[in-house]
Amino acid sequence: MFKLPTTATAPFCPSEVSGTVTVPESDPFWKKVIRYAGPGLMVSVGYMDPGNWATAIQGGSQFGYQLLFVVVLSSLAAIVLQCLSMRLGIVTGKDLAVHCREQYSPLSAKALWLFAELSIIACDLAEVLGCALAFHLLLGVSLPTGVALTALDTLLILALKGKGFRQLEAIILALIATIAICLFAELALVSPDWHAVAAGLVPSLEKIADRDALYLAIGILGATVMPHNLYLHSSVVQTRVASLGMQGREGRLAEAIGMSRIDTVVSLILALFINGAILVLAAAAFHKPGGGNVMDIDQAYYLLAPVAGTAMAAILFGLALLASGQSSTFTGTIAGQVIMEGFLKMKIPCWQRRLITRALALAPAMVGVLTLGDHAIGKMLVGSQVVLSMQLPFAMYPLIRLTGRSDLMGRFVNAWWTSSLAWCLFVVISAANMWMVWQALSG
């Protein structure tokens, strides 16, 4: 007889999968790279979720290829921060949430926990909206019905109960591969201007001199570096455990950091290509100088088929969007468990965690589509990214501070140039996000 789990189980509970992927010292380099690969993929999902789709489609359709350099610079900033998060988890054996609980006052830790939970709910709202739109486009159901169908992903969480972490990573890889194949197939159908693409990669302040362009550029930046991903990465890297062998502890840590850095950089570069592909697709298909631009993600689907000359382009769009939302659902569940366990020392069954988060996201999603109509999706997706951007500095600050402490990190403490770069990113992202939020509230 089937019974619902009453305790937190693998693969979504961090403490249940910690140290479950062994890396023998005798393995050759290439095999170690494969064994360490996975956590970076889990994190990269957050950089290609439906919220990123909304900002990239709006940016490409309105400004063509000129904001491509923003996608690149935002992804490079994400690589820097995720490498810090990865190193914190490997060296200390504790994730960012645990460190925040231990290093800050109870009031400060509770505030950071609240901000982290808000970021997960905002991200889950984007996943609900993205999957609901995908169901609407692929199955022909109404948007409210599509929103209701997203509640069923709790069943997927239950189905994976007790599975290994590598199996979950394989599912995530398959979903990411689906997104990539669909998007690059669409690029072949719409035939972008590759000379204009190359020009869009060149950074220029003139390209964001327009107020709307600057607003969208900041939106892309805020949507790219997700706050809860910093908590997530510092935890999931602890699934790997290497034998000490002849290396000793410091040698083992140095190797783990090096291998995990390869995983992180390669995975986030893949996410960069996918994000760039979304913007290039929108620019090639919809950008019309002087007006008539597609502004919302739902409009993009309907106009993609006549532009590409085949209905297959629209179907590929819907499939990629569904894979994007579903993959983010899995990582959001793990991030929720990391934050709850780290900040509150609380463990609940994963399906309950998924149900609570999804219920908190379903309510505003359902109200939005019922009151604002079919074109609510794009507005709410961009709005969810504004909420995410507001939380980002509260995750960046403790991460940069902790990785800069030699008493915690030992010889793996941030170099002076790493700390300088990280603090510069903190100032730029904080100022940019504050400007975006102010524009959103005043507009």
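What counts, and where the lines are drawn
- Residues numbered from 1 in each chain as written.
- Predicted model: local features only at pLDDT ≥ 70, side-chain atom pairs only at ≥ 80, totals over all residues.
- Heavy atoms only, no water.
- Helix = DSSP H or I, 4+ residues; strand = E, 2+ residues; numbered from the N terminus.
- Buried < 20%, exposed > 50% of the residue type's maximum accessible area, 1.4 Å probe, protein only.
- Areas by Shrake-Rupley, 256 points an atom, 1.4 Å probe, with all protein chains shown as cover.
- Lys, Arg positive; Asp, Glu negative; His and termini not counted.
- Charge placed at Lys NZ, Arg CZ, Asp CG, Glu CD.
- Polar contact = N/O pair within 3.5 Å; in protein donor to acceptor, adjacent residues only side chain to side chain.
- Contact = heavy atoms within 4.5 Å.
- Phe/Tyr/Trp six-rings, centres within 6.5 Å; stacked < 30°, edge-to-face > 60°.
- Patch = residues over 30% accessible without salt bridge, like charges linked within 9 Å, V, L, I, M, F, W, Y side chains within 5 Å.
- Salt bridge = Lys/Arg side-chain N within 4 Å of Asp/Glu carboxyl O.
- 1 Å grid on protein atoms, 1.4 Å probe; cavity = no way out; pocket = protein on both sides within 12 Å on 5 of 7 lines; lining within 4 Å.
- Points joined across faces, edges and corners; volume = space filled by probe spheres on them.
- Core = buried A, V, L, I, M, F, W, Y, C linked by side-chain atoms within 4.5 Å.
- Expected span 1.5 Å × (residues − 1).
- Axes fitted to C-alpha atoms, helices over the stretch in contact; angles between N-to-C directions.
- Parallel < 35°, antiparallel > 145°, perpendicular 65-115°, else oblique.
- Left-handed = near helix turned anticlockwise from the far one by under 90°.
- Nonpolar A, V, L, I, M, F, W, Y, C, P; charged D, E, K, R; others polar.

Caption draft 1: The arrangement of the overall build of the protein chain in detail. Broken down by element type, the protein chain carries 20 helices and two strands. Overall size of the protein chain, expressed as C-alpha extent along the three principal axes, is 65 × 60 × 45 Å. Expressed as a percentage of its 443 residues, the buried residues of the protein chain come to 58%. Accessible surface, the protein chain: about 17400 Å² in total, of which carbon and sulfur atoms supply 69%. Side-chain charges of the protein chain comprise 27 positive and 24 negative groups, with the mean position of each set lying 9 Å from the other.

Caption draft 2: Looking closely at the side chain of Thr 150. Turning to its location among the elements, Thr 150 is positioned in the loop between α8 (143-149) and α9 (153-159). A polar atom in the side chain of Thr 150 sits 2.5 Å from the backbone oxygen of Val 147.

Caption draft 3: A look at the environment of Glu 16. Turning to its location among the elements, Glu 16 is positioned in helix α1 (residues 14-17). On the basis of relative accessibility, which here comes to 38%, the residue Glu 16 falls in the partly exposed class. Glu 16 sits 223 residues away from Thr 239 along the chain, and the two C-alpha atoms are 9.2 Å apart. Those residues in contact with Glu 16 that sit more than four places away from it in its chain are Ala 8, Thr 9, Ala 10 and Lys 347.

Caption draft 4: Inspection of the packing of aromatic side chains at higher detail. Inspection of every chain in the model, using the stated rule, returns seven aromatic pairs. One aromatic cluster is present, formed by Tyr 397, Trp 423 and Phe 426 through successive ring pairs.

Caption draft 5: Geometry of a nonpolar patch on the surface. Nonpolar side chains collect at one region of the surface, where Phe 29, Trp 30, Ile 34, Ile 262 and Val 266 lie side by side and expose about 530 Å² of accessible area between them. Sort the elements by how many residues they give to the nonpolar patch and helix α2 (residues 29-36) lands first, with three residues.

Caption draft 6: Highlighting the layout of surface pockets. Within this model, the largest pocket holds a volume of roughly 360 Å³. In terms of lining residues, the largest pocket is bounded by 17 residues, among which Val 70, Leu 73, Ser 74, Leu 221 and Val 428 are the most central. Taken together, the elements giving at least two residues each to the lining of the largest pocket come down to α5 (68-92), α12 (211-224) and α20 (416-442). Top element by residues in the lining of the largest pocket is α5. It accounts for six residues.

Caption draft 7: Expanded view of the nonpolar core. With 135 residues, the main nonpolar core has Trp 53, Leu 67, Tyr 231, Ile 297, Phe 317, Ile 334 and Met 396 as its most contacted residues. Here this core takes 17 residues from helix α14 (residues 248-286), the largest share from any one element.

Caption draft 8: Looking closely at the pattern of salt bridges. One pass over the full model with this rule turns up twelve salt bridges. Between Asp 27 and Arg 35 there is a salt bridge, with the nearest N and O atoms lying 2.6 Å from each other. For Asp 27, a relative accessible area of 12% puts it in the buried group. A salt bridge links Glu 169 to Arg 240, with the nearest nitrogen and oxygen atoms 2.8 Å apart. Here Glu 169 is found in helix α10 (residues 165-190), whereas its partner Arg 240 is found in strand β2 (residues 240-242), with 71 residues between them in sequence. Look at Glu 169 and you get buried, because its relative accessible area is 5%. Via salt bridges that share partners, Asp 124, Glu 127, Arg 354 and Arg 358 belong to a single interconnected network.

Caption draft 9: A look at the environment of Gln 58. Considering the arrangement of structural elements, one finds Gln 58 in helix α4 (residues 50-63). In this structure, the C-alpha to C-alpha distance between Gln 58 and Ala 132, residues 74 residues apart in sequence, is 19 Å.

Caption draft 10: Region of interest: unusual backbone geometry. Even without being a glycine, Ser 191 presents a positive backbone phi close to 50 degrees. Position of Ser 191 among the secondary structure elements: in the loop between α10 and α11 (194-200). Classification of Ser 191 by relative accessible area gives exposed; the value is 54%. For Lys 345, which is not glycine, the phi torsion reads 55 degrees and is therefore positive. Looking at the element boundaries, Lys 345 is found in the loop between α16 (311-344) and α17 (350-372). By relative accessible area, which is 63% here, Lys 345 ends up exposed.

Caption draft 11: Representation of α17 in the model. Along its 23 residues, α17 runs 33 Å from first to last C-alpha, staying within 8% of the 33 Å computed at 1.5 Å per residue. The elements touched by buried residues of α17 are α7 (106-139), α8, α9, α16 and α18 (376-403). Immediately beyond the C-terminal end of α17, within one or two residues, lies Gly 373, with a positive phi of roughly 85 degrees.

Caption draft 12: Examining α10 more closely. Helix length check: α10 (26 residues) gives 38 Å between terminal C-alpha atoms against 38 Å at 1.5 Å per residue, within 8%. After α10 finishes, the residue Ser 191 shows a positive phi value of roughly 50 degrees.

Caption draft 13: Here's a closer look at the packing of α7 against α18. Relative orientation of the contacting elements α7 and α18 amounts to 160 degrees, with a least axis distance of 9 Å. As summarised for this structure, α7 and α18 are arranged roughly antiparallel, according to the angle between their axes. Between α7 and α18 lies a crossing whose hand is left-handed. Of the residues in α18, those in contact with Leu 112, Phe 115, Leu 118, Ser 119, Ala 122, Cys 123, Leu 125, Ala 126, Leu 129 and Leu 133 of α7 are Ile 377, Met 380, Leu 381, Ser 384, Gln 385, Val 387, Leu 388, Gln 391 and Phe 394. A breakdown of the residues in the contact of α7 with α18 according to their chemical character gives 15 nonpolar, four polar and no charged.

Shape is all these values report; function is a separate question.
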